[in-house]
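Working through the structure, step by step
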Amino acid sequence: MLTDLLWLAAGLLTIVFGADFLVDGASAIARKLKISEFVIGLTIVGFGTSCPELVVSVTGAIAGNSDISIGNVLGSNIFNTLLILGLTALIMPISVTKSNKQRDIPITLVVTFILIFCGMSKTLFGIGETDGLSRIEGIVFLALFAAYLYLCFKTDEGLAEDGEAPKDMSTFKAILLTLAGLAGLVFGGQWFVDSAVNVAHRLGVSDKFIAVTLLAGGTSLPELAACVVAAFKKKGQLALGNILGSNIFNILLILGISATVHPVAFSGITLVDVLALAVSIVLVWLSSYTFKRDSVDRFDGALMVLAFAAYYVWLFIKL
């Protein structure tokens, strides 16, 4: 037990320092390349913090275990948007740019509903023989992912810093700091989750409870740490780019690869899971676009956290 607790503490410290390194390094890279911190958050930070989901989902697809692939992505996206973005907004309201309103948030909304339409077509619309993603749909998802990345760089508004100025450092140091931060988040998160599972087992906690809590949230620990640190450093665009980027990466890239490797069945997904996924991104869209505001504020963050709590209460009841 003592060894597990020590590893738990070591994992948590590694996550915290990794997130700090990542935010500083990524902000410095944005400054050097004269591109927006949102795009850096969307690409470098978003992809890096989605590595755990990529490994888990693709490994599940190779093994023919669709429940792992789709459950990991849906759970992570709900966790990312409702809990992580909600907590980040509670710490510091997140500014929303014109490009966020016209491009990034609507595209994330559309991509989410494309996933729901393709994955749940039989249950929702009576189309097809089974719910899931085919190899052709996986290839289409990958093509959409490439098109979105091209669009982001093509229409980027350029450097628009918010919060603290990035530390003045060389390009080499910025890249090294970013890579070290990503490594700290990924490995620290793994140490933390493994140790927490061991401690929970020793305390007699059920496997189902562990799966719903520790494992479901474990792959989103990098996003959580990166966004919380970004919030405290007043880097709202970096945090928003991380969340939207991670969600799009999860759907288009990770499920695209997973479905291309092996068709992904949605057998373990319920309508409540799909509803929670839809509500998560609709709340972001409503708060930033329909209400004509330029930020996701603390009220929005509180709504997201409450929605997350309601969903998890339902999950615990169904255990």
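Before reading on, note that the structure itself is shown above.
This section reports on the structure supplied with the text. (Residues numbered from 1 in each chain as written. Predicted model: local features only at pLDDT ≥ 70, side-chain atom pairs only at ≥ 80, totals over all residues. Heavy atoms only, no water.)

Turning to the overall build of the chain, a few remarks are in order. What the chain contains, in helices and strands, is 13 helices and four strands. Long-range contacts, defined as pairs at least 24 residues apart, comprise 85% of the intrachain contacts of the chain with a sequence gap of at least 6. (Helix = DSSP H or I, 4+ residues; strand = E, 2+ residues; numbered from the N terminus. Contact = heavy atoms within 4.5 Å.)

Below, the discussion takes up the environment of S280. Relative to the helices and strands, S280 resides in helix α12 (residues 271-290). Look at S280 and you get buried, because its relative accessible area is 2%. On a C-alpha basis, the gap between S280 and L109 in space is 9.5 Å, while along the polypeptide they are 171 residues apart. (Buried < 20%, exposed > 50% of the residue type's maximum accessible area, 1.4 Å probe, protein only.)

In this section: the side chain of T108. Mapped onto the secondary structure, T108 falls in helix α5 (residues 98-119). Since its relative accessible area comes to 1%, T108 is described here as buried. A polar contact of 2.7 Å, which involves the side chain of T108, links it to the backbone oxygen of D104. Residue contacts for T108: discarding those within four places in its chain leaves L244, N247, I248 and I281. (Polar contact = N/O pair within 3.5 Å; in protein donor to acceptor, adjacent residues only side chain to side chain.)

Moving on: the packing of α5 against helix α7 (residues 135-154). Packed helices, taken two at a time, are described by their axes: the angle between them and the distance between them. Look at α5 against α7: their axes get within 13 Å of each other, and the N-to-C directions meet at 180°. Classified by the angle between their axes, α5 and α7 sit roughly antiparallel to one another. Contacts between α5 and α7 involve R103, D104, I107, I114, L115 and C118 from the former and E137, F141, Y148, L151 and C152 from the latter. Grouping the constituent residues of the contact of α5 with α7 by class yields eight nonpolar, no polar and three charged. (Axes fitted to C-alpha atoms, helices over the stretch in contact; angles between N-to-C directions. Parallel < 35°, antiparallel > 145°, perpendicular 65-115°, else oblique. Nonpolar A, V, L, I, M, F, W, Y, C, P; charged D, E, K, R; others polar.)

Before going further, it helps to examine the nonpolar core. Counting residues in hydrophobic clusters, the biggest one holds 79 residues, and the most contacted among them are I40, L115, L133 and F266. If you tally residues by element for this core, the top one is helix α11 (residues 236-261), at 13 residues. (Core = buried A, V, L, I, M, F, W, Y, C linked by side-chain atoms within 4.5 Å.)

Here the focus is the packing of α5 against α11. For the pair α5 and α11, the least separation of the axes is 10 Å and the interaxial angle reads 30°. Our classification of the angle between α5 and α11 gives roughly parallel. As α5 runs across α11, the sense of the crossing is left-handed. Judged by residue contacts, N100, D104, I105, I107, T108, V111, T112 and L115 of α5 engage Q237, L240, L244, N247, I248, I251, L252 and L255 from α11. Looking at the contact of α5 with α11, its residues break down into 10 nonpolar, five polar and one charged. (Left-handed = near helix turned anticlockwise from the far one by under 90°.)

Enumeration according to the criterion identifies six aromatic pairs in this entry. Measuring from ring centre to ring centre gives 4.8 Å for F145 and F249, while their planes differ by 80°; the resulting arrangement is edge-to-face. Of the two residues, F145 is situated in helix α7 and F249 in helix α11; the sequence distance between them amounts to 104 residues. Here Y311 and W314 contribute two aromatic rings whose centre-to-centre distance is 6.4 Å and whose plane-to-plane angle is 15°, an arrangement assigned as stacked. On the criterion of helical spacing, the pair formed by Y311 and W314 is a turn pair, its members being three residues apart in helix α13 (residues 298-317). (Phe/Tyr/Trp six-rings, centres within 6.5 Å; stacked < 30°, edge-to-face > 60°.)

Taking 1.5 Å per residue as the helical rise, α7 with its 20 residues ought to reach 28 Å, and the 29 Å between its terminal C-alpha atoms agrees with that figure. Turning to α7, its buried residues are G138, F141, F145, Y148 and C152. The arc that holds every buried residue of α7, seen down its axis, measures 75°, which confines them to one face. Facing away from the buried side of α7, by more than 90 degrees, are the exposed residues I136, I139, Y150 and K154. (Expected span 1.5 Å × (residues − 1). Arc of directions from axis to C-beta.)

Turning our attention to a nonpolar patch on the surface. Judged by side-chain polarity, F117, L124, F125, I127 and L271 come together as a nonpolar surface patch covering roughly 470 Å² of accessible area. Residue placement: L271 occurs in helix α12. By relative accessible area, L271 is classed as partly exposed at 49%. (Patch = residues over 30% accessible without salt bridge, like charges linked within 9 Å, V, L, I, M, F, W, Y side chains within 5 Å. Areas by Shrake-Rupley, 256 points an atom, 1.4 Å probe, with all protein chains shown as cover. Salt bridge = Lys/Arg side-chain N within 4 Å of Asp/Glu carboxyl O.)

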